[in-house]
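Spelled out from the first residue to the last, the chains are:
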Amino acid sequence: MGKDTLNKLTTTIINTPSDYARASREIEKSVSLKNINICFLSSYTSEVLNPYIIVELAKNGYKGSLYYAPFNQFEQEIYNPDSGLYLFDPDIVLIHSRIEDSHQNLMMRFAKYSDDELQEISEDIINRHKKMLDGLRNKSDAKIIVINFGNAQMTEDCFTSSPVIQSQRTYIQNLNRSLLELSNKLTSCYVIDYQQLFDHIGLNNCIDPKLFYMARIPFNSSAQIEFGKIISRTIFAIYSSPAKCIVLDLDNTLWGGVIGEDGISGIQLSDEYPGNVFKTFQRAILGLRDQGVLLAIASKNNINDVFDVFEKHTDCLLKKSDFSSIQIHWENKASSIEKISQELNISLDSIVFFDDSPFERDWVRKQLPSVKVIEVPKNPMNYLKALNESKFFDRLIVTNEDRIRADIYQQEQQRKSALNNSVSIDDFLRDLKLVVKIGNSDDVTITRIEQLLSKTNQFNLTTKRHSSADLIKIIRDGGKVLWLSCADRYGDNGIVGVAILVETKHRTWLIDSMLLSCRVIGRKIETVLLAEIVEILRGENAEELYGHYIPTKKNQIVSNFYKQHNFQSTDKKNNFWRLNLKESSIIKPNYIEIVRND
Amino acid sequence: MIDDMKLKEVISNVLGVSIEEINDDSSPDNIEKWDSLSHINLVMALESEFKVELSPEDAMDMLSVKLIRMILEDVLKD
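Nothing here was measured: the structure is a model prediction, and the numbers come from that model.

> What is the right way to read the overall build of chain A from this model?
Looking only at helices and strands, one finds 24 helices and 18 strands in chain A. The C-alpha atoms of chain A give a radius of gyration of 27 Å, which matches the 25 Å a tight globule of 598 residues would have. Its C-alpha atoms put chain A at 75 × 70 × 55 Å along the principal axes. Of all intrachain contacts in chain A linking residues separated by at least 6 positions in sequence, the fraction that spans at least 24 positions is 71%. For chain A, the accessible surface area stands at approximately 27,800 Å², while carbon and sulfur atoms represent 48% of it. Charge centroids of chain A, computed over 72 positive and 77 negative side chains, lie 5 Å from each other.

Printed below as a string of structure tokens:
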């Protein structure tokens, strides 16, 4: 039933309140969509959003079950441990206290306030949110989504460039900045920018006075549909990981025309129409790279023609070095994508394919169904919109590792070409001048540790997806959460490894989780990590160490990991392995420098 | 004239009752799911399906299927 519901949703047009009402009832009957419990705390009648949130979530494979607290009952729901909120046991709590509802004068009579009064009100608002968020976080592990403050819908002065309106907008922006800082300090707390709704459909097109005055509903039905989409998109982004790589075609995708026919001076790429359409698209692609998306090329072309464009065309923003993998030849694009996936060590389902040719898109869809293919519009002016609406690259946080990821892959290519010139693997590794740093998790590193746990599939012994809340509990119960970072002559890779150790009984420890990012496999860093684990545990007077291996479809690479390091199997399935710490040691390679970050 | 099938379909979609259960005398008194929130939802759905704008008074007076039809016909006439 779930599959049918999903198919029906993607093939039928749903755009009126009546369509949404019918579709949401069908979804409520479905059994196989993944359930998410969502609690909505708001200062208005948020129940009207129900069909829109349910239908938009179902399009992404989720079934939302919603509990709407009575309006304006924020504190009552959060501070009372027996409230409807906690009885409902939500996975997600949405908090939306509209400033128009809590501070009517601030929105409609802004000019009457002195600077001091404004400052005081702002502190009040932020303090209230801080207390609510802290209160909620202390009692629940639910993910929290706060909806921030939008510009005033009704003011005494409608002339938008007046100084009063300008200072009111600045005031709201400052409130939003404080709110964002507040939520960044909490684990799993995200902010939706309420202004998005008005940006999408216009401040004046959002309200139906009848609904507001009769039923405390601050938006009309088209704004409700749009808001349902915004909320669902954020929830979806919380539960899914962004695609890792975009594979791009060249002719009529990154520039207009065909390089093999039109030549370097004939292709469309400039600051004037139509070349500026492609130049803008290139800039957006670089924007994806800045957020950690790897760029790759799959093009049927003569490679020298293409490199000429990258080197000599002054309006070509993308350079050869921006791409982590380049497949330019006359073979089919499905095999190009497979090669890219192997070269970058990423799975096919984390790759997005963008090509203007319907033929190529169909071919890839049929050959490699797990690759995400964007339906590219005919008009290049709509490329950006298609990229954005695909949602494949939505991410709620950008870590430092995300910002430098593409550079790291580029360094890896330099390493590989150095490998081709080296005499032996040991010489090569010695020449890399590897430095490994190991430390205990703290407030700064925990986000990256959680990220690695959630997305590492290959070099991962148990694939346990611990959240940061789980990690904090493990540490509180006496366990150890270690991170490993590594650097070499080509650059710093950042944090690339995690190990979690727990004492199961007196002087006996278990490696609950151990993983390494695939880009540093094959340098014996895993051996160093294991050896350091042994040393750290000897410091705790441990006598026995157990390793655990849980096989998955993707972690074949570590099936013999414990065997290779002289652990003894303890069961027929080879899932648990034992090392006697009094008798055995792990021999470390001597070419890696180890630093403890204590 | 109001398309009667379309009217019943909208009411059925919004209130979650089958089309057969809906007749001219259907009202908040005999359809349990027709509460104040679904009434608002119904008003929004009717506005969108029949491309009309209803006043608060129209919305409040729509207290049976018969009355809904009358008010819609009245508004569409203007």
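> How do you make sense of the interface of chain B and chain A when you look at a structure like this?
Chain B puts 19 residues into the contact, and the matching count from chain A is 17 residues. With both sides pooled, the region where chain B packs onto chain A buries about 1,400 Å², and carbon together with sulfur makes up 67% of that total. Contact with chain A buries area across many residues of chain B, yet Asn-13, Ile-40 and Met-44 of chain B alone supply 40% of it, more than any other trio. Seen at the junction of chain B and chain A, the total is 1 salt bridge. Note that Glu-47 of chain B and Lys-210 of chain A form a salt bridge whose closest N and O atoms lie 2.6 Å from each other. Residue assignment for the side of chain B that touches chain A shows that the elements contributing at least two residues are α1 (4–15), α2 (36–50) and α3 (56–61) of chain B. Looking at the side of chain B that touches chain A, the element that brings in the most residues is α2 of chain B, giving 9 residues.

> For this particular structure, what's the right way to read the packing of aromatic side chains?
Given two aromatic rings, one states the distance between the centres and the angle between the planes to describe the pair. Overall, the coordinates contain 20 aromatic pairs over all chains when judged by the stated rule. On the numbers, 5.5 Å between centres and 85° between planes, the contact of Tyr-44 of chain A with Phe-219 of chain A is edge-to-face. Placement of Tyr-44 of chain A in the loop between β1 (34–42) and α3 (50–59) and of Phe-219 of chain A in the loop between α11 (209–215) and α12 (221–239) is noted, with a sequence separation of 175 residues between them. Neither residue differs from the other here; Tyr-44 of chain A and Phe-219 of chain A are each classed as buried. Members of the aromatic cluster, joined through ring pairs, are Tyr-44, Tyr-194, Phe-198, Phe-219 and Phe-227 of chain A. The side chain of Lys-112 of chain A reaches across the aromatic face of Tyr-113 of chain A, ending 5.0 Å from its centre. The ring of Phe-50 of chain B has Lys-6 of chain B sitting right over it, with the charged end atom 4.9 Å from the ring centre.

Cut-offs and rules
Residues numbered from 1 in each chain as written. Chains lettered and ligands numbered in written order. Predicted model: local features only at pLDDT ≥ 70, side-chain atom pairs only at ≥ 80, totals over all residues. Heavy atoms only, no water. Helix = DSSP H or I, 4+ residues; strand = E, 2+ residues; numbered from the N terminus. Rg over C-alpha atoms; globule rule 2.2 N^0.38 Å. Contact = heavy atoms within 4.5 Å. Areas by Shrake-Rupley, 256 points an atom, 1.4 Å probe, with all protein chains shown as cover. Lys, Arg positive; Asp, Glu negative; His and termini not counted. Charge placed at Lys NZ, Arg CZ, Asp CG, Glu CD. Buried area = accessible area lost by both parts, 1.4 Å probe. Salt bridge = Lys/Arg side-chain N within 4 Å of Asp/Glu carboxyl O. Phe/Tyr/Trp six-rings, centres within 6.5 Å; stacked < 30°, edge-to-face > 60°. Buried < 20%, exposed > 50% of the residue type's maximum accessible area, 1.4 Å probe, protein only. Lys NZ or Arg CZ within 6 Å of the ring centre and 35° of its normal.

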